[in-house]
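# Descriptive structure summary
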Amino acid sequence: MKIEILGTGCPKCRALADSVAKAVADLGLQAEVVKVTDIDAIVNRGVMLTPALVVDGEIVAVGRVPSAGDLRKMLGGKE
Amino acid sequence: MRPGDDAASAPTGPGRAPMSRRCHLASRVVLVLLGAAAWWFLYSNLEAIASWFTYTLLGMTAGSRLASALAFFVYEAPKVLMLLTLVVFAVGIVRTFFTPERTRRILAGRRETLGNVLAALLGVVTPFCSCSAVPLFIGFVSTGVPLGVTFSFLIAAPMINEVALVLLFGLFGWKVAMLYMGTGLLIAMAAGWVVGRLKLERWIEDWVRQQAAGTGHSAGEGPVPWSDRVHFGLDAVKDIVGKVWPYVLAGIVVGAGIHGYVPENFMAAIMGKGAWWSVPLAVLIGIPMYSNAAGILPVVQALLSKGAALGTVLAFMMAVIGLSLPEMIILRKVLKIPLIVTFAGVVGAGIIVVGYLFNAVL
């Protein structure tokens, strides 16, 4: 599975990256985590509020850092 | 302290059955209602509680300088924090109805004048953070929102926010809060309109115009369940109130404490009504300064209590939170320098006019 974190480096983007890393470790997922910091690429996805979380090409959260529980659900439901 | 806090941190484990989800929602609604009742009870009895605390519990003599400062603090601090919690929660819920995608759909292809008005109003209720200014700008402009209308949004969004309004209301009363909101909206509408009239599209960076932004679907397009809205509101409270409370307390300490220690008219000579150059100077100083509404309030409080004129101080506050250097540097990625300078100039001029207006009227 592929997890993308869209954000230009704001504090919330880093918080999202951290909690994703933690959730991936907790769930023991085999996932490729990519940070997308390029504005072109972010805008091309139609995202206007950063950070955004994309799982296997699908935007699952925009403009917020999901709680640990929500994040597990977003990532867990994909396996 | 507030029962509502428990709901936010309650675990929402994966794979819950729909039945337990419904119970979860019901219990959350009950918690929110209980929280609201407790809020109302506390808030309406706050004055009595505060004076009981100061004069009965601590046994201070009424009339002494320390006692009145303490009574002021013990009443004001919980009052403003409670108002802030309530308003941030309510605004958090309102914002779940206005995603940037929806705002963009409303604004795309609007005629300019009506578009400016709508954009300024939507700027108040749409979730916005200056770190998202660039993707938002491209997302708006490349799907047919006129440049001036986009600017109305970008001006109103940071300048008029719930924290600024609550603090102004709590510390200076509803008239000042309404004046700030009304004139802030007017500046956003007028400045956006002017930028639109000036036809500055050529100063948008070329790559932006070639950009075909995905009008993409994204999370939050479908119907949002109420439990999520409540959750979002509670998150906003944790996030915003958790971040700004030290500034709020500092502002109130300044208001309660400084009184009597700095000469009453200390600021009157430099920032009073008499000094005509004080308004533009306050705006010029305010632009490179960057602070959120909560951070600047202690300063505003101190200036006002020492004889600075309200218009000058409000202009200073608007310049600090509405025009920020970091946001302009971020916007430099998509805008050429002449457009940024024009934008700052037009908004700055608007703020100066408002400052003079207040000083003349009040």
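Structure: above.
First things first, this report covers the structure right here in the doc. (Residues numbered from 1 in each chain as written. Chains lettered and ligands numbered in written order. Predicted model: local features only at pLDDT ≥ 70, side-chain atom pairs only at ≥ 80, totals over all residues. Heavy atoms only, no water.)

A word on the pairing of strand β1 (residues 2-6) of chain A. Residues and elements named next belong to chain A. In terms of residue burial, β1 counts as a mostly covered element, since four of its five residues are buried. Pairing analysis gives five bridges linking β1 to strand β2 (residues 32-36), with the strands arranged parallel. Residue pairing across strands places Ile5 opposite Lys35, the latter belonging to β2. Regarding topology, helix α1 (residues 11-27) serves as the crossover connection from β1 to the parallel β2, and that connection is right-handed. In this structure, β1 lies alongside strand β3 (residues 52-55), joined through four bridges in antiparallel fashion. By the bridge assignment for β3, Ile3 is matched with Val55. (Buried < 20%, exposed > 50% of the residue type's maximum accessible area, 1.4 Å probe, protein only. Helix = DSSP H or I, 4+ residues; strand = E, 2+ residues; numbered from the N terminus. Pairing = 2+ DSSP bridges. Right-handed = clockwise from strand over helix to strand, strands pointing away.)

Residues and elements named next belong to chain A. The strand order across the open sheet built from four strands is β2-β1-β3-β4, with neighbouring strands paired in mixed fashion. Looking along the sheet, the strands with just one partner apiece sit at the ends: β2 and β4 (58-62). Taking each pair of neighbouring strands and ignoring which way they run, the sheet shows an average axis angle of 20 degrees. This element, α1, spans β1, β2 and β3 of the sheet and lies at about 165 degrees to β1. Helix α3 (residues 68-76) contacts β1, β3 and β4 of the sheet and is inclined by roughly 30 degrees relative to β3. (Axes fitted to C-alpha atoms, helices over the stretch in contact; angles between N-to-C directions. Contact = heavy atoms within 4.5 Å.)

Moving on, we come to the pairing of β4 of chain A. Residue and element names in this part refer to chain A. Of all the five residues making up β4, four are buried; the element is thus mostly covered by neighbouring parts of the structure. Of the pairings in the sheet, the one linking β3 to β4 comprises four bridges and is antiparallel in character. Bridging from a neighbouring strand, Ala52 pairs with Val62 of β4. Hairpin connection between β3 and β4: a loop of two residues separates the two successive antiparallel strands, and Asp56 in this loop has a positive phi of roughly 50 degrees.

Take the pattern of salt bridges next. Residue and element names in this part refer to chain A. Going through the model one piece at a time under the given rule, you end up with ten salt bridges over all chains. Between Arg45 and Glu4 there is a salt bridge, with its nearest N and O atoms 2.6 Å apart. Highlighted residues: Arg45 in the loop between α2 (39-44) and β3 and Glu4 in strand β1, separated in sequence by 41 residues. By relative accessible area, which is 30% here, Arg45 ends up partly exposed. (Salt bridge = Lys/Arg side-chain N within 4 Å of Asp/Glu carboxyl O.)

All names here are of chain B. With respect to the helices, strands and loops of the structure, Met60 is situated in the loop between α3 (46-57) and α4 (65-95). For the pair Met60 and Ala71, spaced eleven residues apart in sequence, the C-alpha to C-alpha distance is 9.7 Å. Beyond its immediate chain neighbours, meaning those up to four positions away, Met60 contacts Thr54, Tyr55, Leu66, Ala67 and Leu70.

Looking now at the packing of helix α14 (residues 278-286) of chain B against helix α16 (residues 310-322) of chain B. Residue and element names in this part refer to chain B. Between α14 and α16, the shortest axis-to-axis distance is 8 Å and the interhelical angle comes to 25 degrees. The pairing of α14 with α16 is recorded here as roughly parallel in orientation. Like other packed secondary-structure pairs, α14 and α16 cross with a definite hand, here right-handed. Across the interface between the two elements, Ser278, Val279, Ala282, Val283, Ile285 and Gly286 from α14 touch Thr312, Ala315, Phe316, Ala319 and Val320 from α16. Its residues assigned to classes, the contact of α14 with α16 shows eight nonpolar, three polar and no charged. (Parallel < 35°, antiparallel > 145°, perpendicular 65-115°, else oblique. Left-handed = near helix turned anticlockwise from the far one by under 90°. Nonpolar A, V, L, I, M, F, W, Y, C, P; charged D, E, K, R; others polar.)

Residue and element names in this part refer to chain B. Within the secondary structure layout, Phe53 lies in helix α3. The spacing of Phe53 and Tyr75 is 22 residues in sequence and 9.6 Å in space, taken between C-alpha atoms. Among residues more than four places away in sequence, those in contact with Phe53 are Leu58 and Val74.

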